[in-house]
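Here's the letter readout for the chains.
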Amino acid sequence: MTPRVREILSWYGADNPGTLTNLARLMNHGRIGGSGKLVILPVDQGFEHGPARSFAKNPGGYDPRYHIELALESGCNAYAAPLGFIEAVARDYAGEIPLILKVNNSDTLYNPKAPISALTSNIDDALRLGCTGIGFTIYPGSTDRKQMYEEIAHASDEAKRAGLAVVVWSYPRGEQLSKAGETAIDVIAYGAQIACQLGAHIVKVKPPSSHIEQEAARKVYESEKIKVDTMTDRIKHVVDSCFAGRRIVIFSGGETKSTNELIDEVKQMAQGGGFGSIMGRNAFQRPKKEAIELLHRVQDAFAQAGH
Amino acid sequence: MTPRVREILSWYGADNPGTLTNLARLMNHGRIGGSGKLVILPVDQGFEHGPARSFAKNPGGYDPRYHIELALESGCNAYAAPLGFIEAVARDYAGEIPLILKVNNSDTLYNPKAPISALTSNIDDALRLGCTGIGFTIYPGSTDRKQMYEEIAHASDEAKRAGLAVVVWSYPRGEQLSKAGETAIDVIAYGAQIACQLGAHIVKVKPPSSHIEQEAARKVYESEKIKVDTMTDRIKHVVDSCFAGRRIVIFSGGETKSTNELIDEVKQMAQGGGFGSIMGRNAFQRPKKEAIELLHRVQDAFAQAGH
Amino acid sequence: MTPRVREILSWYGADNPGTLTNLARLMNHGRIGGSGKLVILPVDQGFEHGPARSFAKNPGGYDPRYHIELALESGCNAYAAPLGFIEAVARDYAGEIPLILKVNNSDTLYNPKAPISALTSNIDDALRLGCTGIGFTIYPGSTDRKQMYEEIAHASDEAKRAGLAVVVWSYPRGEQLSKAGETAIDVIAYGAQIACQLGAHIVKVKPPSSHIEQEAARKVYESEKIKVDTMTDRIKHVVDSCFAGRRIVIFSGGETKSTNELIDEVKQMAQGGGFGSIMGRNAFQRPKKEAIELLHRVQDAFAQAGH
Amino acid sequence: MTPRVREILSWYGADNPGTLTNLARLMNHGRIGGSGKLVILPVDQGFEHGPARSFAKNPGGYDPRYHIELALESGCNAYAAPLGFIEAVARDYAGEIPLILKVNNSDTLYNPKAPISALTSNIDDALRLGCTGIGFTIYPGSTDRKQMYEEIAHASDEAKRAGLAVVVWSYPRGEQLSKAGETAIDVIAYGAQIACQLGAHIVKVKPPSSHIEQEAARKVYESEKIKVDTMTDRIKHVVDSCFAGRRIVIFSGGETKSTNELIDEVKQMAQGGGFGSIMGRNAFQRPKKEAIELLHRVQDAFAQAGH
Amino acid sequence: MTPRVREILSWYGADNPGTLTNLARLMNHGRIGGSGKLVILPVDQGFEHGPARSFAKNPGGYDPRYHIELALESGCNAYAAPLGFIEAVARDYAGEIPLILKVNNSDTLYNPKAPISALTSNIDDALRLGCTGIGFTIYPGSTDRKQMYEEIAHASDEAKRAGLAVVVWSYPRGEQLSKAGETAIDVIAYGAQIACQLGAHIVKVKPPSSHIEQEAARKVYESEKIKVDTMTDRIKHVVDSCFAGRRIVIFSGGETKSTNELIDEVKQMAQGGGFGSIMGRNAFQRPKKEAIELLHRVQDAFAQAGH
């Protein structure tokens with residue numbers, strides 16, 4: 001156990017030893033194990049965008065074994081996916097890599113005004129499949145936020161009693177937010193804070209832009225001179241918003257982009273104090289060799305940034 | 001136990017021996033038992049379309065005994081029906097053929113904008129009636145998809161713990177899908193993927209057309225040159241979308257049609273890697289002798305296709 | 001136990017001996033006990049239409065004792081009523097006549113677009129009050145049909161485990177049905193089929209008219225030449241629609257009418273294979289002596305029709 | 001135990017000895033104990049109308065002790081109030097007077113189209129606070145009647161199993177009723193019948209007017225010549241509508257009015273066979289001495305009317 | 001135990017010794033412990049307004065340790081916060097200060113017409129984290145008030161059985177209230193009464209204005225000459241509305257304002273009989289030294305007012 005992992009675990013004083021053990025497993029697995037940084041491979045796009053849009057570009061990905069092998073071969077800290085994909089590999093790869101069961105999911109055959117995911121699996125599923133934690137998406141800003149917050153509160157309560165880690169994907173979206181507002185720095189920081197207040201161990205947000213969405217927030221960003229010009233500044237502000245850095249916050253890769261753009265962005269995130277990346281399409285839609293190289297560069301960027 | 005059945009069972013590593021036993025029962029029963037292919041007789045049309053539209057053409061079918069006898073005499077792998085029809089035959093035909101209890105149903109005395117079936121029976125019913133599995137219809141694309149996915153997640157969770165097989169009828173339908181879109185190749189493949197991700201053991205979809213419904217999907221079908229011109233191509237793509245063929249996917253017969261058209265279509269499905277057929281009206285609305293001949297030809301088409 | 005009652009019980013092979021015992025009690029009680037026919041006195045009009053509209057014409061009926069005594073004195077097979085009326089007589093008349101607890105009810109102080117009854121009592125009430133079964137109203141065609149089917153599925157499941165009989169009043173009604181359609185032959189037959197598929201032991205429908213409501217049904221009624229001209233024809237078709245006569249289906253008396261009209265209608269129902277009548281207002285709104293005479297004539301019509 | 005109380009208890013043959021004991025306690029307490037009549041002091045106006053509107057006129061009433069002392073000193077049969085008011089006195093006045101916990105309540109900071117009260121306490125609260133029964137308001141005619149009837153069915157079921165008495169306040173109100181219709185004789189009688197059919201032991205309604213609201217009812221009131229001209233006539237009809245007088249029905253005082261008007265009305269109610277009064281604002285908004293005098297006159301009016 | 005604390009505890013005769021113990025802990029902790037007055041530090045603004053608006057002005061506040069230390073160093077009676085903030089400090093500060101877990105929360109990324117908070121934690125959380133009580137916000141006047149009252153009724157029931165104290169934040173708000181009406185004296189007093197009737201041990205409201213919102217109330221305020229001109233008058237009226245002073249009612253600080261304005265207001269509240277303050281932004285957004293001075297002055301104002 002490295003001093004840094006031990007330090008991070010000390011922030012979670014309300015959790016039982018079971019949950020601390022699983023948080024430690026997540027932090028200690030893979031190429032950058034022990035650094036306190038995390039690079040996770042998530043594959044829920046088959047559910048979220050459909051199979052062709054997700055896997056046709058690199059058709060090996062139709063097979064659920066492809067992704068867990070990519071996560072293993074690239075030395076990621078964990079692999080996250082919905083029930084079907086996890087059930088398809090849990091026995092054959094038992095104990096090889098920490099698994100995160102994505103317990104709620106959305107699809108895009110219907111696009112609602114009030115986004116909310118469906119609860120497609122549960123804590124008992126996570127336990128019988130040997131997972132280290134659950135993943136849960138919330139959409140702060142949605143008309144249905146009350147229901148969502150109560151669903152994660154319930155799932156999180158059960159998960160914590162069962163000694164699992166709770167990872168919350170926080171994606172602000174809804175009627176009173178503009179499209180640009182979904183990644184505005186004030187909104188992303190607020191979404192991260194909400195996830196922390198809901199009791200998440202690990203929060204996942206999108207990389208924030210310098211846009212400020214809410215007028216009440218803008219006044220404060222200006223009067224208090226909160227820096228939001230560079231990605232590094234913004235990541236620092238998001239990390240602050242996660243209990244002054246005492247909750248793990250990681251960032252998605254977003255839309256597919258070139259390797260160099262991606263690595264540039266990742267380095268800024270690492271410099272800002274980000275705890276890592278969760279990178280799906282940017283990884284599994286490339287040929288496996290390229291994907292592994294990319295994931296290694298991402299891991300290195302975070303591991304080398306220190307804290 | 002044939003090597004093929006053993007191979008198929010190996011894909012379901014997360015399931016308990018009870019469920020594997022029932023999956024084996026389904027695959028080992030009937031004329032093509034052991035081939036890894038399935039031809040199932042489903043009779044829920046009395047509920048879905050009413051008694052006259054379903055049974056008047058071949059009035060023997062008003063009697064629930066008719067259908068299970070047809071399934072038995074034609075050597076089908078299983079018989080699927082709603083609670084009333086199963087209760088009416090379960091004792092007298094106990095142990096003669098695997099039964100699938102259709103646990104949700106819709107009728108057409110009211111046609112809603114947001115399709116969703118009612119939960120008309122449950123896992124305890126399936127167990128007390130000696131069923132091997134449950135059948136469940138989802139309508140991806142419906143406004144009520146969250147509720148439906150949670151209902152199947154709950155029923156599936158209970159069924160798996162009770163050692164039952166879970167068969168999901170996946171029929172995309174809803175406000176944002178056109179009529180043609182309901183059987184579009186991208187939509188059918190997506191609906192099949194969703195059912196797999198929800199943890200279905202066996203997925204049932206309609207035969208897909210070459211129409212592509214969603215713009216975001218069309219770009220990928222074109223750029224990645226996914227073949228969708230022939231039924232064989234399309235079935236292959238749907239099989240790929242079911243975890244690269246590692247989940248059983250079977251196809252409905254659709255509207256009543258001539259025997260030759262039907263057999264042509266079935267052969268293409270078999271050639272594309274489809275695991276079988278689920279054929280209701282095309283079977284029970286013909287005189288029994290003709291129905292048995294038809295079902296034999298369908299069974300043979302699948303059994304002879306190999307894998 | 002007569003051979004006919006034994007034969008009817010043989011149709012319910014999925015039920016436990018407790019439920020068979022209660023079905024036998026219903027069929028064996030009263031003047032036509034053992035014939036396999038049923039005449040039941042139902043009194044839920046106080047709830048459904050209000051006390052004055054129900055009881056002012058024959059004011060003895062304000063008293064809950066009046067109705068159970070009418071049922072006893074006229075030799076009916078059973079007495080059906082909501083919680084309040086049953087609670088008011090259950091101890092004093094314990095064991096004198098089979099009771100059916102009507103577990104859901106509607107009133108007419110508010111007339112909704114989407115009809116659905118309220119669950120006003122439950123299976124435990126039926127047991128503590130010594131009832132032989134529960135009565136439940138569904139409105140196929142209502143926007144709220146999903147909720148209703150799930151409520152009856154749940155109540156029926158509990159009732160069957162507790163050894164009670166399940167009687168379903170099936171009254172199609174809703175936004176997409178015309179007023180005439182509510183008693184159209186296709187709709188009544190469909191409503192009866194739905195009740196059977198939901199697992200009802202006994203189905204109660206209104207006498208069907210020769211009107212055909214749904215276009216998709218009309219084609220079949222015409223092409224298959226289903227006879228619907230006489231009440232006898234129509235009753236036969238409804239009986240067919242109840243699992244080819246292997247579920248008990250009985251008919252209501254409808255609006256108050258003259259004795260001769262009523263007896264004429266009843267005779268046609270009996271000739272068509274109907275299993276009996278459930279007659280409320282036509283009975284309890286007449287002077288008791290007349291009511292008893294009427295009920296005897298109804299009972300005789302069914303008992304003499306044979307099967 | 002007086003013969004009259006014993007007679008009344010005999011009407012509740014479905015209830016357990018616990019509930020009979022509590023009904024007897026209600027009937028045997030206070031100045032007119034044993035007469036079979038009931039005068040109850042209810043104080044839920046703080047919740048329903050706010051503290052100033054309820055208590056400013058007689059400011060002693062801000063203190064929860066005031067009301068239970070008024071009930072005691074005036075010799076009422078029972079005191080009814082919401083959770084907060086009962087919790088505030090239950091220990092200090094334990095065993096001194098029967099308490100009725102009002103388990104649902106509404107406030108008037110929002111006036112909805114579809115009236116329905118909130119469940120603010122439960123049967124366990126009633127038991128831990130030593131209450132003899134629960135009070136429950138229904139609004140027949142409300143769009144939300146199904147939910148309300150199911151809430152009272154559930155609460156009543158629990159209460160009866162726990163040996164408590166069930167008092168239902170039945171206030172018809174809703175979109176399809178006019179303001180005058182809320183106290184129309186046909187509507188009040190119907191509301192009383194519904195409460196009885198729902199299994200209430202004691203029903204509380206408003207004094208009915210001679211207005212007839214529903215056309216279908218008017219025909220019957222006219223053809224059957226139901227008398228509704230005097231309050232005595234109307235009360236008699238409401239008593240008839242409560243199972244021909246075999247359920248206890250009591251009447252509210254309504255809006256504050258002069259003592260003489262009030263006593264006149266009460267005497268007519270008593271003469272019509274009403275079982276008593278439930279009188280809040282008319283009592284606690286007067287100086288205590290006057291209130292006690294008034295309550296004594298009300299009690300005397302009922303006790304002297306006989307039955 | 002001071003006589004005053006003992007007196008206050010005597011008002012809660014319905015509560016078990018566990019709850020009395022926790023109420024005593026709240027009253028006995030801190031600089032004014034034993035006085036029967038309470039000054040509480042609440043920090044839920046990160047959830048309610050977002051991290052930047054809450055903490056940027058005094059950035060130490062991003063760290064959850066800052067606030068509990070401020071509460072400790074300033075000698076507050078208790079510290080109240082949502083799950084995340086409490087989990088982050090509960091182990092390291094175990095036993096140092098009474099904690100109140102705020103079990104429901106709202107955010108402002110979506111502003112609904114019908115305000116209602118989400119249940120973000122529960123009674124088991126409060127127990128495992130060593131809290132003395134739960135905090136709960138209701139919005140009387142909201143379209144969703146029924147749901148809210150039932151949620152607090154349920155949480156309060158569980159909390160009381162577990163020996164916890166129940167603190168209700170009562171903020172009237174909704175479609176039928178004007179903006180000014182939210183703090184109108186009639187509305188604030190009504191909101192306080194509702195919280196008391198719901199069974200709250202401690203009620204928290206905003207300082208009332210002299211505006212009167214509801215016409216039905218205005219008549220009474222005028223006819224009964226209820227004084228509402230000064231803050232002292234109004235606080236007295238609110239205290240009266242809380243069971244004539246037999247429930248603890250405390251007041252928020254509202255919008256950030258100057259120290260002198262704030263202390264003036266607090267002194268009037270103390271003079272009117274208010275039991276204390278709950279002061280968030282006015283405290284933690286100042287430099288810590290200033291905040292401690294302010295909180296001391298507030299505490300002194302209440303402690304010196306006597307009762």
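Visitor: What exactly am I supposed to notice about the arrangement of the chains here?
Guide: In this view chain B stays clear of chain D, with the nearest C-alpha atoms of the two still 19 Å from each other. For chain C and chain E, which are not in contact, the least C-alpha distance works out to 19 Å.

Visitor: Any chance you could explain the packing of aromatic side chains here in plain terms?
Guide: Centre distance and the angle of the planes are the two values used to describe a pair of aromatic rings. All names here are of chain D. According to the stated counting rule, one finds 30 aromatic pairs over all chains in the structure shown. On the basis of an interplanar angle of 45° and a centroid distance of 5.7 Å, the ring pair of F55 and F284 is categorised as tilted. Of the two residues, F55 sits in helix α4 (residues 51-55) while F284 sits in helix α13 (residues 281-284), which places them 229 residues apart along the sequence. The two residues F55 and F284 agree in class, both being buried.

Visitor: Is there a simple way to think about the interface of chain C and chain D in this case?
Guide: Accessible area lost during the coming together of the parts is what is often quoted as the interface size. At the interface, 39 residues of chain C touch 41 residues of chain D. Of the roughly 3,500 Å² buried between chain C and chain D on both sides combined, carbon and sulfur atoms contribute 57%. Three residues, Y62(C), L109(C) and Y110(C), lead the burial of chain C against chain D; their summed loss comes to 24% of the area buried on that side. Seen at the junction of chain C and chain D, the total is two salt bridges. One salt bridge in this structure joins K146(D) and E151(C), with 2.8 Å as the shortest N-O distance. Our count for the chain C to chain D interface comes out at 17 residue pairs in polar contact (both at pLDDT 80 or more). Within the residue set of the side of chain C that touches chain D, elements represented by two or more residues are α3 (45-48), α4 (51-55), α5 (64-73), α6 (83-87), β5 (118-119), α7 (123-128) and α8 (145-161) of chain C. In the side of chain C that touches chain D, the residues fall into 18 nonpolar, 10 polar and 11 charged.

Visitor: Any chance you could explain the nonpolar core here in plain terms?
Guide: The tendency in soluble globular proteins is for nonpolar side chains to be buried side by side. Core analysis: the largest hydrophobic core is formed by 570 residues, its most contacted members being Y79(A), Y79(B), Y79(C), Y79(D) and Y79(E). Apart from the residues within four sequence positions on either side, Y79(C) is in contact with L41(C), V43(C), P64(C), H67(C), I68(C), A71(C), F85(C), I86(C), I97(C), P98(C), L99(C) and I100(C).

Visitor: Teacher, can you tell me more about the interface of chain B and chain A here?
Guide: Taken together, the contacts link 41 residues of chain B with 39 residues of chain A. Both faces combined, the contact of chain B with chain A buries some 3,500 Å², and carbon together with sulfur accounts for 57% of it. On the chain B side of the interface with chain A, the three residues burying the most area are K146(B), Y190(B) and Q197(B), jointly 20% of the side's total. For the interface between chain B and chain A, the tally reads two salt bridges. With a closest N to O distance of 3.0 Å, K160(B) and E87(A) form a salt bridge. Our enumeration of links across chain B and chain A arrives at 17 residue pairs in polar contact (both at pLDDT 80 or more). At the level of secondary structure, the elements contributing two or more residues to the side of chain B that touches chain A comprise α8 (145-161), α9 (185-197), α10 (215-223) and α11 (231-241) of chain B. Taken together, the residues of the side of chain B that touches chain A break down into 19 nonpolar, 11 polar and 11 charged.

Visitor: What is the right way to look at the side chain of R286(A) in this model?
Guide: Residue and element names in this part refer to chain A. As for its placement among the helices and strands, R286 is situated in the loop between α13 (281-284) and α14 (288-305). Despite its burial, R286 pairs with no opposite charge, the nearest such side chain being E290 at 4.9 Å. Among the polar contacts made by the side chain of R286, one reaches the side chain of T259 at a distance of 2.6 Å. Separated by 2.5 Å, the side chain of R286 and the backbone oxygen of N282 make a polar contact. Excluding anything up to four places from it in sequence, R286 contacts N58, Y66, K257, S258, T259, L262, A291 and L294.

Parameters and conventions
Residues numbered from 1 in each chain as written. Chains lettered and ligands numbered in written order. Predicted model: local features only at pLDDT ≥ 70, side-chain atom pairs only at ≥ 80, totals over all residues. Heavy atoms only, no water. Contact = heavy atoms within 4.5 Å. Phe/Tyr/Trp six-rings, centres within 6.5 Å; stacked < 30°, edge-to-face > 60°. Helix = DSSP H or I, 4+ residues; strand = E, 2+ residues; numbered from the N terminus. Buried < 20%, exposed > 50% of the residue type's maximum accessible area, 1.4 Å probe, protein only. Buried area = accessible area lost by both parts, 1.4 Å probe. Salt bridge = Lys/Arg side-chain N within 4 Å of Asp/Glu carboxyl O. Polar contact = N/O pair within 3.5 Å; in protein donor to acceptor, adjacent residues only side chain to side chain. Nonpolar A, V, L, I, M, F, W, Y, C, P; charged D, E, K, R; others polar. Core = buried A, V, L, I, M, F, W, Y, C linked by side-chain atoms within 4.5 Å. Lys, Arg positive; Asp, Glu negative; His and termini not counted.

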